[in-house]
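# Understanding the architecture of this molecule
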Amino acid sequence: MSDKSGLPTGKHTLVEEGTEFKGTMSSSCPIVVMGKVEGDVAGPVIHVTPSGVVAGVVKVKSLHSAGELAGEVEAETVQISGRVRDRTVIRARSLEVSLNVQKGGMQVVFGECELAIGDEPNKEAAVAAALAPPAPGATAAAPSDAKQAGGKAGSAAPAAESEEASKRRRGTQPPPS
Amino acid sequence: MAGLSRDEALKRIQKGEKLDRADLKGIDLSQAKLVKAALERADLDGANLEGADLSNAALRRSSLREAYLVGVNLTGANLENADLEGAKLERANLAGTNLTRANLEGANLTGANLSGAMLSYAQLTGAKLGGANLADAVLTHAELDEAYLGGVSAAGARFSNASMAGANLEDAILRGAVLDEAVLHRVIARNADFTGASLVKTNFSGADLTGAKLGDADVRHATFARAQLAGAHLTGAKVAGLVGTGLPLGTIDVTWLDLSPAGDGTQRVENGVIPSVLTVGAVTQTVADQVRRRYFGRGDVLRNATLAFDAGAQVEIDSLFQNCTINVGVETELVIGPSGVLADCEIVGAGFITVHGKFFERHSPGIVGARKLMVSARGAVVSTVAQSDEATGFAFESGCQLRVKIIPPGQPGTQPAAKHEPRTSQERGNR
C-alpha cells in the first residue's frame, strides 16, 4: 500500500524531517527517510524523500530516492532522483533514472560515483555477436527515428513493405477492393 | 490544539510561540502582524488574513484552502507544499515566497506580486493571475493548464517543462523568459511579448499567437502545428528544427530567421524561404537533417578510425566499431543502435549520446563531456564518464547494464582527445 507519492501508507519506519539518526538501523518494514540517516541501514524497502539524506551502507531490496544519497547502496532495484554525492557506489540488479522531467519524473545530479548495475557486460561476446552473420530471414536493422531519448528507448525497425503495397505505391497494382 | 481565538493566537505568536499544526480554521487574523510566525502544518482553511503581515512566516505544509488573503504580505515566507486551493490572494505580496509544490488550483492571484517567487511543481490549474508580477519567478514543471495569465509581467521568469495548455497569455510580457519544453498547446497568447525568450522544444500547437512578439526568440525544435501567427513579429528568431504551422501565415513581420542548428546566426534565411520554414518548417529541416544524418549499418566493421561529426549532426551506429575515437560537436545526436557495439572506443564532445547497444571504453575516461547520456533497457556501458562543465544529464532505463564511474569535468586525464581530421571516406552507409 502506498500513497500518491509512492510512500507506504501501512506500517513503516519513519525518520521525520528534522530528525538525525546515526548508527545501525534494521527494519522488517519499509523505511521512510525524511530527515537524515548516517550509518548502516537494512530493510526491505527504503524511501528517501526530497528532504531526506542517507549516508552510509544501505542494503535493501528496493530503494526509491528523491533526496540525497551517499556511501554504498546494495539493492535489487534502485530508482533515483535528487542527488548522488561524491564517493557513492551503487550496486543493483536494476537502476532507473529518468532525464525528462515531466510530471512525476525524476532528475539526478551525480557527484563522483560508481554504478554497477545488472550483469557485467561481456565485451568479447558483444564483439562476436556483432561479427556473426545475421540469422536467416532477419532483416537488416534500420536507423531509428526516435530522436529524443529520455523517453522510452528502443527503435523497432519499420516493417518491410509488402510487394503488393510497394506495387500500389508505384501505381502498378490496383488497391484492394 | 483546537479553535484558538484571535487574541489567543496573536498573543502566542507575538510571544514567539510555535503554532505548528494548530487548528486555526476560519480564524480572523485580518491586518495582524504575524512576521516570522511559525505555522507549519497549521490548519487555516477559510481563515481571514486580509492585509496581514506574514512576511518570512513558516507555513510549510499548512492548509489555507479558500482562505481570504487579499493584500497579505507573504514576502520571504515558506509555503512549500502548502494547500491554497481556491484561496483569494488578489494583490498579495508574494515576492521571493517559496511556493514549491504548493497547491494553488483555482486560486485568485490577480495583481499579486510574485517576483522571484519559487513555484516549481506548483499546481496552478485554473488559477487567475491576471496582471500579476512574475518577473524572475521560477515555475519549472508547474501546472498552469487553463490558468489566466493575461497581462502578466514575467520577464526573465522560468517556465521550463511547465504545462500551460489552454492558458490565456494575452498581452503577457515574457521577454527573456525560459519556456523550454513547456506545453503551450491551445494557449491564447495574442500580442504576448516573447522577445528573446528561450522556447526550445516548446509545444505551441493550436496556439493563438496573433500579433505576438517572437523576435530573437529561440524556437528551435518548437512545434507550431495549427498555430495562428498572423501579425506576429519574428525577426531574428532561431528556428532550426521548428515544426511549421501547416496553415497560411497571413501577414507577419519578419526580415530574417536563423536556421543554424546551434542558433548562432550562421544560417540566416530571408524573404522567399521564410513562409515555407514557418508553414512546412519540418519539411525544410528534414532535407537539411537528412544531409547531416549518418547511419552505419549492421555488418559494417570500422577499426582504428577517428571520426568527427559537427554540431547538430545525427549519427546512428548499428555497426561494430573497434578502437575508434568519435569526436562530436555540440548537441550532436549519437545513437548506438540495438546492434551497435563500440569496443575499445572513446566519445569526446558535448553531444547527446543514446545507447541501445553496447559501449566499452578504450581507456578511462571513455566518454568525455557529453551533455546527455541515456542508456536504454537493452543498452550496456562500461566506461568512466567525465561530465560536461554543465553536469551531464543521465537517464537509465530499468534493465540496462552498467559498469560506470562518473567523475566531474576537468579531472586529470579528462582532457578531450586531440582532434583528428575526420575520416569521412569511412563514413559508410550514409543515408
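Model, not experiment: these values are computed from the prediction.

In this section: the nonpolar core. Ranked by size, the top nonpolar core spans 110 residues in total, and within it Ala137(B) and Ala154(B) carry the most contacts. The set of elements that each furnish at least two residues to this core consists of helix H1 (6-14) and helix H2 (273-279) of chain B. Each residue touching Ala137(B), except ones within four places of it in the same chain, is listed here: Leu114(B), Ser115(B), Gly116(B), Ala117(B), Leu119(B), Ala154(B) and Ala157(B). Membership of the second largest hydrophobic core comes to 80 residues, among which are Val37(A), Val48(A), Ala70(A) and Ala386(B).

In this section: the interface of chain A and chain B. Facing 37 residues of chain A, the contacting portion of chain B comprises 45 residues. For strand S10 (residues 113-117) of chain A and strand S17 (residues 401-407) of chain B, the ladder comprises five bridges, and the chain directions are antiparallel. The partner of Ala116(A) across the bridge, within S17(B), is Arg403(B).

This next bit is on the pairing of strand S10 (residues 341-348) of chain B. For a regular strand, side chains alternate in direction, first toward one face of the sheet and then toward the other. All names here are of chain B. Of all eight residues making up S10, seven are buried, and the element is well covered by its neighbours. Summarising the sheet, strand S7 (residues 320-322) and S10 pair through three bridges and their orientation is parallel. In the strand pairing of S10, Phe321 is matched with Leu342. Where strand S8 (residues 325-328) meets S10, three bridges bridge the pair, whose relative direction is parallel. Residue pairing for S10: Thr325 is matched across the bridge by Glu346. Where S10 lies against strand S12 (residues 358-361), three bridges are found, and the strand directions are parallel. Residue pairing for S12: Val341 is matched across the bridge by Lys358. Sheet topology note: the S10/strand S13 (residues 367-368) ladder contains two bridges and is parallel. Bridged to Val348 within S13 is Val368.

Reading the values: rules and limits
Residues numbered from 1 in each chain as written. Chains lettered and ligands numbered in written order. Predicted model: local features only at pLDDT ≥ 70, side-chain atom pairs only at ≥ 80, totals over all residues. Core = buried A, V, L, I, M, F, W, Y, C linked by C-beta atoms within 7 Å. Buried ≥ 20, exposed ≤ 12 C-beta atoms within 10 Å, placed from the backbone. Helix = DSSP H or I, 4+ residues; strand = E, 2+ residues; numbered from the N terminus. Contact = placed C-beta atoms within 7 Å. Pairing = 2+ DSSP bridges.

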